[in-house]
Amino acid sequence: MLGKNYFETSQVRSFNPDIKSIVFISYRRTVCDKFMARKCSEILKQIGLDYWLDEDDKCMQTAQAQNDDIKTALCIERGLDVSFALLGIIGPGTFTSPWIPYEIGGARGRQRYAKPFKEAPPLDQPHPLIAHLIHEVDISKVPAFVSLGIPLTTPEEVEKWAHSVANILQKKHQRVPLYEAKRIQDDLGIQDIYERNSRLLKPTHRY
């Protein structure tokens, strides 16, 4: 179990996108969301994926020490630029923070660059490399746009998704066809997880 000492002793790191397959972890700095972010970072690390986490990044620590929102935004952009995937942590009060939608939207928008893929994933389908862990909150109250990624509800589902990401990104320098990414996800049951959880999300209302 992760405790206070784990948070205090975490190393501040720099990130090298040329040698790492980095997953951007988006979360609000509440106690429960921070705990889940760290738990997910351990899952990613065990599978062999590096991750971007704000409190581990030198750029972000400097920006937050200076209480500079512009620098904070630029650090987030830098983190998103070096990342190939995003895992959002969605808990109570997540969307009262302006930064979480900013990070999720930034990751989703970057799909047009099709970083590891031969072609960009269709906009009307969930992105294979974007997922959201929904915890300690009624999933029916979570906005439907979360289904633009893969909605997850347990650490076990996070682990399955992370395995699919690792398998996809192993071939990122060869530009993976989307059908191959889908096959990898089907083999790990990701499509079943997506269909089960996305049906429970808050319906979208037109305005």
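Below or above, wherever it landed, is the structure these notes cover. Just so we're clear, the structure is a prediction, and the values are computed from it rather than from any experiment. (Residues numbered from 1 in each chain as written. Predicted model: local features only at pLDDT ≥ 70, side-chain atom pairs only at ≥ 80, totals over all residues. Heavy atoms only, no water.)

### Let's talk about the packing of helix α6 (residues 155–169) against helix α8 (residues 190–198)
Stage number 1. At a minimum axis separation of 10 Å, α6 and α8 run at an interaxial angle of 135 degrees. On the basis of their axis angle, the class for α6 and α8 is oblique. The two elements α6 and α8 meet at a crossing, and its hand is left-handed. Across the interface between the two elements, Glu157, Lys160, Trp161 and Ser164 from α6 touch Ile190, Ile193, Arg196 and Asn197 from α8.
Stage number 2. Here the contact of α6 with α8 is composed, by residue class, of three nonpolar, two polar and three charged. (Axes fitted to C-alpha atoms, helices over the stretch in contact; angles between N-to-C directions. Helix = DSSP H or I, 4+ residues; strand = E, 2+ residues; numbered from the N terminus. Parallel < 35°, antiparallel > 145°, perpendicular 65-115°, else oblique. Left-handed = near helix turned anticlockwise from the far one by under 90°. Contact = heavy atoms within 4.5 Å. Nonpolar A, V, L, I, M, F, W, Y, C, P; charged D, E, K, R; others polar.)

### Quick look at the pairing of strand β3 (residues 85–90)
Stage number 1. The buried fraction of β3 is high, at six of six residues.
Stage number 2. Direction of pairing for strand β1 (residues 22–26) relative to β3: parallel, over a ladder of four bridges. When the bridges of β3 are listed, Ile25 appears paired with Leu87.
Stage number 3. Pairing of β3 with strand β4 (residues 130–134), which is carried by five bridges, proceeds in the parallel orientation. By the bridge assignment for β4, Ile89 is matched with Leu133.
Stage number 4. Following the chain from β3 across helix α5 (residues 99–109) to the adjacent parallel β4, one finds a crossover that is right-handed. (Buried < 20%, exposed > 50% of the residue type's maximum accessible area, 1.4 Å probe, protein only. Pairing = 2+ DSSP bridges. Right-handed = clockwise from strand over helix to strand, strands pointing away.)

### Here we look at α5
Stage number 1. Looking at α5, one finds that the buried residues are Ile100, Glu103, Ile104, Gly106, Ala107 and Arg108.
Stage number 2. The inward-facing, buried residues of α5 abut β1, α4 (69–82), β3 and β4.

### Brief notes about the packing of aromatic side chains
Stage number 1. Evaluation of the coordinates by the stated rule reveals three aromatic pairs.
Stage number 2. Between the aromatic rings of Phe95 and Phe145, the centroid separation amounts to 5.7 Å while the plane-to-plane angle is 75 degrees, which identifies the pairing as edge-to-face. In this pair, Phe95 sits in the loop between β3 and α5 while Phe145 sits in the loop between β4 and β5 (150–152), placing the two residues 50 residues apart along the sequence.
Stage number 3. A relative accessible area of 30% means that Phe95 is categorised as partly exposed.
Stage number 4. When the centroid spacing of 5.9 Å and the interplanar angle of 85 degrees are considered together, the rings of Trp99 and Tyr102 count as edge-to-face. With Trp99 and Tyr102 both in helix α5 and three residues apart, this pair spans about one turn of that helix. (Phe/Tyr/Trp six-rings, centres within 6.5 Å; stacked < 30°, edge-to-face > 60°.)

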